Amino acid sequence: MLIKELFTGDVTRDIPPVVYFHEQSPASVAAEVSEYIVTGGYPEGHPSRRRVPSGIHDEYVRLLETISRELQKPGGPELPNAWISGFYGSGKSSFAKLLGLALDGMALPDGRSLAEAWLARNTSPRAAELKAAWQKLRTQIDPVAVIFDVGTVARDGEHLHSAALRKVQERLGYCPTNSIVADYELTLERDGLWRQFEEVADRSLGTPWSEARKEHRAADRFSLVMHHMFRDEYPEPTSWFDSRAGGRTRTESPEEVMAAIRDMLGFRRPDATLFLIIDEVSQYVISSQDRYDRLRAFATALGSGLKGKAWLLALGQQQLDDQADQPFAIWVRDRFPSQLRVHLAATNIRDVVHKRLLQKTPAATRQLTDLFERHRAD
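Conventions we followed
Residues numbered from 1 in each chain as written. Predicted model: local features only at pLDDT ≥ 70, side-chain atom pairs only at ≥ 80, totals over all residues. Heavy atoms only, no water. Helix = DSSP H or I, 4+ residues; strand = E, 2+ residues; numbered from the N terminus. Buried < 20%, exposed > 50% of the residue type's maximum accessible area, 1.4 Å probe, protein only. Contact = heavy atoms within 4.5 Å. Areas by Shrake-Rupley, 256 points an atom, 1.4 Å probe, with all protein chains shown as cover. Lys, Arg positive; Asp, Glu negative; His and termini not counted. Charge placed at Lys NZ, Arg CZ, Asp CG, Glu CD. Core = buried A, V, L, I, M, F, W, Y, C linked by side-chain atoms within 4.5 Å. Axes fitted to C-alpha atoms, helices over the stretch in contact; angles between N-to-C directions. Parallel < 35°, antiparallel > 145°, perpendicular 65-115°, else oblique. Pairing = 2+ DSSP bridges. Polar contact = N/O pair within 3.5 Å; in protein donor to acceptor, adjacent residues only side chain to side chain. Salt bridge = Lys/Arg side-chain N within 4 Å of Asp/Glu carboxyl O. 1 Å grid on protein atoms, 1.4 Å probe; cavity = no way out; pocket = protein on both sides within 12 Å on 5 of 7 lines; lining within 4 Å. Points joined across faces, edges and corners; volume = space filled by probe spheres on them. Nonpolar A, V, L, I, M, F, W, Y, C, P; charged D, E, K, R; others polar.

Participant: Sorry if this is basic, but what is going on with the overall build of the protein here?
Facilitator: Helix and strand counts for the protein stand at 18 helices and 5 strands. Overall size of the protein, expressed as C-alpha extent along the three principal axes, is 95 × 45 × 40 Å. Among the 378 residues that make up the protein, the fraction classed as buried is 48%. For the protein, restricting intrachain contacts to residue pairs at least 6 apart in sequence, the fraction spanning at least 24 positions comes to 76%. Total accessible area on the protein is roughly 18400 Å²; 51% of this is exposed by carbon and sulfur atoms. Each charge class in the protein can be summarised by its mean position, and for the 49 positive and 52 negative side chains these summaries are 5 Å apart.

The structure is reproduced here in structure tokens:
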């Protein structure tokens, strides 16, 4: 037997060193979840529990159960914000990304849901706990999720809440190629003019707006429809576009973004609960007092304005505990309740490496055990 034949997995396979939030195609996520290791889940008295008292299984269960309890509060949760922290390599990005895409209902190429494949990766002794926590939460809500890395998505140093608004617009079917058009689509909905707009778009463009909005020339196409709808205000086909030329940077306050998200959900997904899952939050805001002031304001606005219809799950390396001495952690921790904080300790890394890379087949385990017993003295 060759050494490579001892292992459960192909030791020559390519394993990406990090998890990228922007890689969200079903094929890439299927490969990612097939490698996912759920650590922890050891019962009391198990020898491994002392080494990994709170692994990935335990943190998933605690987070999902806490969200379920918060949703049951009269009037909804005050601060529906979770903080997910961990050192580099601890698995926090995979933890949040797979949870978010499972909440969003992603289907994999083999026909399974991501949620099914993700839960199946949990082989811990207490795996049934995670399934129960997941099923309980899913009976309470109809989730939709937006998952992104703010450092990659943000434009020209914009605030986190502005980047979040653009990603929510894309997810809910607003124009993905031009944020100004997306903003105005919501304006038409608020004014009760959306159905008229769609009818005029069908006639003037010769194609449904649901298709035209995806084009790189969506702003030109939108301007033509506005010209047909409001000829006095926009006398030329390019008048609407020209009146907004150069407008790219958002100046909305966190409260205005919350109101936009509230209204977009009301128009497009009235029964849904939104999960905003944002990677690299602390790295993005930590260097700017203004940025983490706005983060605090946005976290507050989501709670007061949406009452649990929108959740913010923010990721960062800093642990927001009472011993935190960094100005950033001290300033924002009161917006992320202690019961909604997840921390993945470095103790998880050993189990991930052993199970992902070094796990042996049953036959190889028996053979190696026998060899070891026979040659233990050597």
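Anyway, onward from the coordinates.
Participant: What should I look at first to understand the nonpolar core in this one?
Facilitator: Among soluble globular proteins, nonpolar side chains are generally buried collectively. Of all hydrophobic cores here, the largest spans 63 residues; its most connected members are F197, W209, F222, I261, L274 and L276. Element by element, the count of residues in this core is highest for helix 15 (residues 289-306), at 7 residues. Sequence-distant contacts of F197, that is, excluding residues within four places in its chain, are made with L188, W209, F222, V225, M226 and M229. Grouped together as the second largest cluster of nonpolar side chains are 42 residues, Y60, A96, A102 and V342 included.

Participant: Just to check I follow, could you spell out the packing of helix 7 (residues 160-171) against helix 15 for this structure?
Facilitator: When two helices pack together, their arrangement is captured by the angle between the axes and the distance separating the axes. Taken N-terminus to C-terminus, the directions of helix 7 and helix 15 make an angle of 50 degrees; their axes are 8 Å apart at the nearest point. It follows that helix 7 is oblique to helix 15 by the angle criterion. When helix 7 is examined against helix 15, the residues L160, H161 and A164 are found in contact with a partner set consisting of R294, L295 and F298.

Participant: What exactly am I supposed to notice about the environment of A363 here?
Facilitator: Its place among the elements puts A363 in helix 18 (residues 362-375). Relative accessible area serves as the criterion here: at 42%, A363 is assigned to the partly exposed category. The spacing of A363 and L6 is 357 residues in sequence and 8.1 Å in space, taken between C-alpha atoms.

Participant: Looking at this structure, I do not really get the pairing of strand 2 (residues 142-149). What am I missing?
Facilitator: Regular strands place their side chains on alternate faces of the sheet. Counted residue by residue, strand 2 has 7 buried out of 8 residues, so it is predominantly covered. With 8 bridges connecting them, strand 2 and strand 3 (residues 272-279) associate as parallel partners. Counted as the bridge partner of A145 is F275 from strand 3.

Participant: Hey, could you run me through the side chain of S68 in this one?
Facilitator: With respect to the helices, strands and loops of the structure, S68 is situated in helix 2 (residues 56-71). Assessed through its relative accessible area of 1%, S68 is described here as buried. Among the polar contacts listed, one links the side chain of S68 to the side chain of Q140, at a separation of 2.8 Å. With residues near it in sequence (within four places) discarded, S68 still touches K136, L137 and Q140.

Participant: I keep staring at the pattern of salt bridges and nothing clicks. Help me out?
Facilitator: Opposite charge on two side chains allows them to pair when their charged atoms are near. According to the stated counting rule, one finds 23 salt bridges in the structure shown. Of the charged contacts in the structure, one is a salt bridge between D110 and R112, with a shortest N-O distance of 2.9 Å. According to the relative accessible area criterion, R112 is partly exposed, its value standing at 33%. Among the charged side chains, a network of salt bridges with common partners joins D58, R126 and E129.

Participant: Sorry, what's going on with empty space enclosed by the protein here?
Facilitator: The gaps left among the atoms become clear once a water-sized probe is rolled over them. If you walk through the whole model with that rule in mind, you get 2 cavities of 30 Å³ or more. Estimated volume of the second largest cavity: approximately 50 Å³. Along its surface, the second largest cavity is lined by R155, R166, Q169, E170, C175, P176, T177, N178, S179 and A182. Examining the composition of the lining of the second largest cavity, we find that 3 residues originate from one element, helix 7, more than from any other. Residue classes in the lining of the second largest cavity are distributed as 3 nonpolar, 4 polar and 3 charged.

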